[in-house]
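Topology and contacts: notes
Here are the chains, one letter per residue:
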Amino acid sequence: MTIDTGSLLALGFGSPWLLLGAALAAIPAILHLLFRREHRAEPFAANRFLAEATRKHSRRLRFQHWVLLIVRTTILLLVAIALARPVLDISDADISNDRTNVHHLFILDATLSMRHSDRGQRRFDRGRTILQRTVEASHDGDTFRLLVIRGAGPPVVIAQAAGRRPDVLAELDRLEPTWETGREVETLQAALALLNTPTGSGRNRVSLVTDLQRSTWTPVDPGLRDRLRRALSSIRARSELVIYDVGGPAASNAAVVGLASETPVAIAGEPVTLRATVSHFGTGDPLQRQVEWHVDDRLVSRRGLVLVAGGTTTLDWTHRFARAGEHHIEVRLSGDGLPDDDHRHLALPVRDRLQVLLVGNRTGSRPDDASTFYVDAALDPGGLSSEPNSRAHSSQIVTTSIHGRRLVDNDLERPDCVVLCDVPRLDRLEVSRLARFVAGGGGLVIGLGSSIDTEAWNRLLGEQGANLLPGRLGNLVAADGSTQAAAVFDPAGYAHPLLSVFRGLDDNGLATTVTLKYLRAQPHQASRVALAFDSGDPAILCRRFGHGHVVLVTTSLDARWTTWPVLSTSFPPMVHELVRFATSSRWAARNHLVGQPITRPVGSSTTTGILLAPDGSQLPIQDLLSKNSAGGRRVLSNQTLMPGIYRLSLERPSATTESYGINVDTSESDLAATGGPTLRTGLLGIDSPIYTRWHNADAPVLFDQPGRPLGRILLGVLLGLLLVEATMAWRFLPGVTTLGMLLATVIAGWWAGAMAGAAAGLAVAAATALWTRRNRYGRHRWWSTAGDTA
Amino acid sequence: MTGDLNPATQVARTSATSLLDSNLQSRLAGLSFQTRRPLEGPVTGRHRSRQRGFSAEFAEHREYVPGDDVRYVDWKAYGRSDRYYLKEFEDETNFTCWLVLDTSESMSYRSGTATESKLDHARRAAAALAWLILRGADAVGLVTIAGKLGRLVPPSTQPSHLDQLNRAMLDATPAGPSGLGAAFRDLATRLTRPAVVICFSDLFDDLNETAAGLEQLAWRGHDVAVLQVIDPAEEDFPFEEPTRFLGMEGEADQVVEPRALAEAYRVEFRRFLDDISSRCRSMRMDHALLRSDVPLATSLPRFLEARLRHPARGAAP
């Protein structure tokens with residue numbers, strides 16, 4: 001509720017329903033009417049003088065009674081008003097009172113949290129209304145510049161100081177909140193740069209309109225916090241900085257913070273485990289929500305969920321996709337004030353089979369001469385070739401074996417995982433293709449052997465080259481033909497996910513595996529040792545590269561350097577785990593956060609197609625084609641500013657359609673705000689007014705500056721009135737004196753400070769005392785006689 | 001009287017002696033009651049008489065008229081002026097004092113802060129003055145007033161008369177309205193010789209009527225003194241809580257918020273006292289306040305000393 005008195009003053013209430021308490025103000029009158037006091041009776045000889053005094057002073061007494069009743073009623077009214085959290089908007093008045101030209105610089109927060117809606121109004125809309133009202137209340141000669149805190153796009157909206165109010169209002173009207181996180185520091189620095197631009201005479205006033213989200217304005221990172229502090233302090237030093245907090249009371253919020261497939265590669269007809277993570281940001285009572293699973297926009301599951309405040313819950317859903325192709329999974333949480341983070345999308349391509357490309361260096365008369373033989377057999381122990389050099393060995397995996405020389409001919413679009421088995425060396429083009437393949441989410445497993453050209457591998461795939469290798473290859477460690485001196489595996493507690501299948505199995509075969517030779521590898525900083533030899537040298541190294549994974553086995557994946565493939569039962573499951581782990585983020589490139597680009601390599605022949613956004617807008621890929629750092633062509637779109645499923649359709653020759661899931665960054669989902677004092681001491685360290693209260697009416701700009709809050713003022717008035725009431729009920733004149741003292745103190749204190757206020761109060765008290773003494777009727781004394789008084 | 005077996009009378013007799021206490025007597029022992037104007041008494045006394053006589057105190061000359069006693073011709077004056085003048089001398093006599101005691105209902109009032117009612121205070125004051133006057137061989141009488149003249153005890157100079165006066169005062173019970181004005185007028189017609197009239201009353205009555213009655217007394221040559229007896233609560237009005245004040249002489253009850261009305265009441269009461277004081281002064285009467293919470297040993301000497309300091313006040317023009 002708002003009481004708006006033109007552009008000068010607006011009174012609002014944070015909890016208007018508490019104004020019902022104003023009915024309490026009728027209590028004194030009701031008590032007076034219904035429960036008249038039973039007076040005690042007493043004979044009195046001088047009753048005639050009482051009657052005369054009553055007759056002469058009845059009007060005055062009635063007036064005093066009315067005044068006292070008004071004071072008492074006002075006290076109750078003020079209590080009700082104070083409970084309703086009154087807030088006074090004087091922002092316009094503040095501006096109107098100053099005739100100096102003002103160069104306004106507006107900074108409006110447009111991040112995801114500003115989309116939060118309370119009682120039908122978004123934080124962003126409240127903030128925009130504040131700025132609109134500021135514009136409307138401005139004077140001729142005032143100018144305006146506008147910046148927006150957002151993720152993508154430049155922060156500066158109006159760079160040149162604009163003096164035409166309709167233009168500024170129109171620009172404000174066009175603004176909409178984004179689904180992004182913000183770049184606060186960059187925006188503040190841009191504002192600082194604008195402030196350094198000369199604008200003529202007048203003063204600069206920076207209005208920062210934000211919800212003061214804690215995660216944004218008091219970040220955990222001390223470096224970021226320091227940069228924010230310095231930027232705000234610099235702005236404060238160059239302008240009059242006013243912060244409008246449109247966040248309002250702390251709002252609890254639930255969000256779907258994660259959605260992923262636990263099955264590395266989804267295979268048609270096979271169960272796929274999907275996992276959603278739901279968090280409740282905030283405090284208070286647990287939230288009851290409904291969670292819905294949608295597959296390809298079709299509801300497949302709905303269940304209730306209780307979210308504990310501050311807690312996170314994971315939900316699993318297993319689904320079998322009937323057919324291969326592009327699929328879209330969405331988890332929907334029943335709504336709250338911020339519905340945009342209650343949805344999460346997952347673009348999930350489903351394959352008929354998992355495609356594994358085996359690359360070896362040898363062929364021979366016997367099948368097991370091939371360096372890929374044991375891996376192939378492990379992946380498909382009993383399968384038959386369905387085509388030359390290819391065998392379908394299970395319902396899930398299709399392996400294709402090629403010689404290392406043919407790798408250059410393969411475009412690596414089909415396989416999900418590539419296994420290099422003792423490939424002597426790779427040329428730059430092959431390395432480039434492999435790097436692009438892995439960066440796009442593909443898996444790469446590297447097995448070594450006697451054919452390896454260590455120097456070439458380190459140069460082309462090491463840190464100086466494509467940086468694919470998890471470690472630098474070193475010298476050969478050999479057991480000199482003696483099994484006694486051979487290396488054995490040290491699982492180190494099976495801590496790595498690769499070894500999780502062996503955990504708890506005493507006779508898993510790993511400990512009995514004998515390795516005669518291996519290349520000593522020096523792990524890179526980004527790598528992790530999954531399995532080591534008892535000598536301490538790494539046996540299996542892993543690293544993440546782009547969206548994909550690279551796994552390096554420092555011994556051979558055939559029987560030349562180790563007995564592992566032929567004598568150990570652990571080899572087949574380990575090969576499966578290697579492929580599974582390497583492809584575990586196969587489709588990570590298909591799912592991004594808002595603002596992150598969609599990229600896809602395309603062939604030189606691909607020239608047409610469209611990118612379809614969730615809102616139905618289309619972008620021709622001719623506008624999105626560019627070259628990557630390696631010189632290849634790619635589709636690159638930064639227009640992922642809206643959450644949802646984007647569909648990239650490439651026309652001939654590839655004629656494919658791919659889905660990309662874009663989700664909001666849930667770091668904006670925690671709506672906890674930074675309080676004014678905390679902001680002041682923890683971040684700003686400056687004394688800027690912070691307008692912290694708001695309400696959901698048309699005029700949301702409300703005044704509650706820390707140190708001068710309306711609530712405290714009301715409390716002070718209440719205490720003063722209570723004192724006046726107590727004094728007035730005792731004696732009317734002292735009550736009036738007290739009221740006068742309080743008024744004089746407040747008015748003088750307001751204008752000239754506390755000392756002046758105290759002096760004014762004492763002056764009123766002294767004047768009243770003198771007046772009372774002068775008018776005192778005290779000539780009679782008990783001993784006075786006619787002679788004495790003559 | 002000694003054979004009276006009535007218990008009430010016994011109590012009254014016992015209380016009669018208690019109206020005077022030794023402290024008050026010792027305080028008044030060095031004082032005397034001074035008349036303010038010449039009076040006539042039945043015997044020679046210490047007070048000036050309206051009659052000219054043959055005492056040693058020369059008063060004035062007056063021209064001889066036939067029939068005058070030639071013994072009093074001032075021959076020295078005849079030698080100087082060749083005219084006959086007679087020498088006249090002041091006559092000294094005793095006086096009669098009437099104690100007028102208001103026994104109306106309002107005189108029975110006693111507040112919480114007072115040690116006795118106004119009537120009791122007035123009784124003790126009257127007894128003390130009677131004792132003082134009788135000690136000077138002057139005559140003292142008593143009349144009570146309660147709406148009209150009540151009991152009248154004729155004046156006497158006998159010291160034993162004090163006991164009769166005290167008993168009469170104790171026998172008077174407070175009742176009815178004051179009716180002071182009519183009573184004073186009635187008294188004025190009854191007193192044939194000028195006398196000292198001392199009124200003990202709160203004067204809570206029609207002030208114009210009361211003043212008219214007092215004026216009658218003064219006009220007939222009486223030396224009138226008004227000792228207004230009030231209760232401390234009537235002057236201070238110390239009440240705090242809302243109270244229904246009940247009228248004692250037929251006045252309407254007043255429901256009052258004392259804290260709101262106290263100052264106005266005090267103003268009214270003080271105006272009343274001022275009015276009485278002013279009227280008494282204009283009629284050349286003494287007026288003094290006797291608060292019932294102030295010991296008579298303090299208030300009566302002040303009254304008497306004031307009369308001694310201004311003995312000529314009230315002299316006939």
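Residues numbered from 1 in each chain as written. Chains lettered and ligands numbered in written order. Predicted model: local features only at pLDDT ≥ 70, side-chain atom pairs only at ≥ 80, totals over all residues. Heavy atoms only, no water.

**Re the overall build of chain A**
Per the secondary structure count, chain A includes 18 helices and 40 strands. Counting only contacts in chain A whose residues sit at least 6 apart along the sequence, the fraction spanning at least 24 positions is 72%. By element, 55% of the accessible surface of chain A is carried by carbon and sulfur atoms, the whole surface being about 35,900 Å². (Helix = DSSP H or I, 4+ residues; strand = E, 2+ residues; numbered from the N terminus. Contact = heavy atoms within 4.5 Å. Areas by Shrake-Rupley, 256 points an atom, 1.4 Å probe, with all protein chains shown as cover.)

**What to know about the pattern of salt bridges**
Considering all chains together, one arrives at 49 salt bridges over all chains under this definition. A salt bridge links Arg174(A) to Glu171(A), with the nearest nitrogen and oxygen atoms 2.8 Å apart. With Arg174(A) and Glu171(A) both in helix H5 (residues 165-174) and three residues apart, the pair spans about one turn of that helix. Judged by relative accessible area, Arg174(A) falls into the exposed class, the value being 56%. Here Arg229(A) and Asp226(A) are joined by a salt bridge, their closest N and O atoms 3.6 Å apart. Of the two residues, Arg229(A) and Asp226(A) are both situated in helix H8 (residues 222-238); the distance of three residues between them amounts to about one turn of the helix. Note on Asp226(A): relative accessible area 30%, which makes it partly exposed. Salt bridges here are not isolated pairs; linked through shared partners, they connect Glu52(A), Arg55(A), Lys56(A), Glu268(B) and Arg271(B). (Salt bridge = Lys/Arg side-chain N within 4 Å of Asp/Glu carboxyl O. Buried < 20%, exposed > 50% of the residue type's maximum accessible area, 1.4 Å probe, protein only.)

**Notes on helix H2 (residues 47-83) of chain A**
The terminal C-alpha atoms of H2(A), which comprises 37 residues, lie only 47 Å apart, well short of the 54 Å expected from a rise of 1.5 Å per residue. A maximum bend of about 65 degrees is found in H2(A) at His57(A). (Expected span 1.5 Å × (residues − 1). Bend = angle between axes of the 7 residues up to and from the residue.)

**Quick word on the packing of aromatic side chains**
As enumerated under the stated definition, the model contains 28 aromatic pairs over all chains in all. Look at Tyr78(B) and Tyr84(B): their rings are 4.5 Å apart centre to centre, the planes differ by 10 degrees, and that puts the pair in the stacked class. Here Phe237(B) and Phe239(B) contribute two aromatic rings whose centre-to-centre distance is 5.0 Å and whose plane-to-plane angle is 75 degrees, an arrangement assigned as edge-to-face. For the residue pair Phe237(B) and Phe239(B), the accessibility class agrees, reading buried in each case. Connected via pairs of aromatic rings, a cluster forms that spans Phe44(A), Phe49(A), Tyr109(B), Phe204(B), Phe237(B), Phe239(B), Phe245(B), Tyr265(B), Phe269(B) and Phe272(B). Over the ring of Tyr660(A) we find Arg590(A); its NZ or CZ atom is 5.3 Å from the centre of that ring. (Phe/Tyr/Trp six-rings, centres within 6.5 Å; stacked < 30°, edge-to-face > 60°. Lys NZ or Arg CZ within 6 Å of the ring centre and 35° of its normal.)

**Considerations on unusual backbone geometry**
At Asp422(A), a residue that is not glycine, the phi angle is positive and equals roughly 55 degrees. With a phi close to 45 degrees, Phe237(B) is a non-glycine residue in the positive phi region. Residue Phe237(B) is classed as buried on the basis of its relative accessible area, which comes to 1%.

**Description of the sheet that holds strand E32 (residues 591-593) of chain A**
Residue and element names in this part refer to chain A. What the five strands build is an open sheet, ordered E32-E39-E38-E34-E35; its pairing is mixed. A single partner strand is all that each edge strand has here, and the edge strands are E32 and strand E35 (618-620). Adjacent strand axes in the sheet meet at a mean angle of 25 degrees, parallel and antiparallel pairs treated alike. Sheet topology places strand E38 (residues 644-650) next to strand E39 (residues 656-663); seven bridges connect them, and they run antiparallel. (Pairing = 2+ DSSP bridges. Axes fitted to C-alpha atoms, helices over the stretch in contact; angles between N-to-C directions.)

**Remarks on the confidence of the model for chain B**
Summing up the model confidence of chain B, the mean pLDDT is 81 and the portion of residues at 70 or higher is 83%. Throughout residues 1-16 of chain B the model reports pLDDT below 50, and contacts reaching past four residues in sequence, or to other chains, amount to 15 contacts. (pLDDT = per-residue confidence, 0-100.)

**A closer look at the sheet that holds strand E14 (residues 271-281) of chain A**
All names here are of chain A. With antiparallel pairing, the three strands of this open sheet are ordered in space as E12-E14-E17. Among the strands making up the open sheet, the edge pair consists of strand E12 (253-261) and strand E17 (312-320). Adjacent strand axes in the sheet meet at a mean angle of 20 degrees, parallel and antiparallel pairs treated alike. Two elements, E12 and E14, share eight bridges in a ladder whose sense is antiparallel. The residue bridging Gly 258 from the neighbouring strand is Thr 277, located in E14.

**Description of the environment of Gly213(B)**
Residues and elements named next belong to chain B. Within the secondary structure layout, Gly 213 lies in helix H7 (residues 207-219). Sequence separation of Gly 213 and Phe 184 is 29 residues, and the distance between their C-alpha atoms is 4.6 Å. Ignoring anything within four residues of it in the chain, the contact list for Gly 213 reads Gly 181, Phe 184 and Arg 185.

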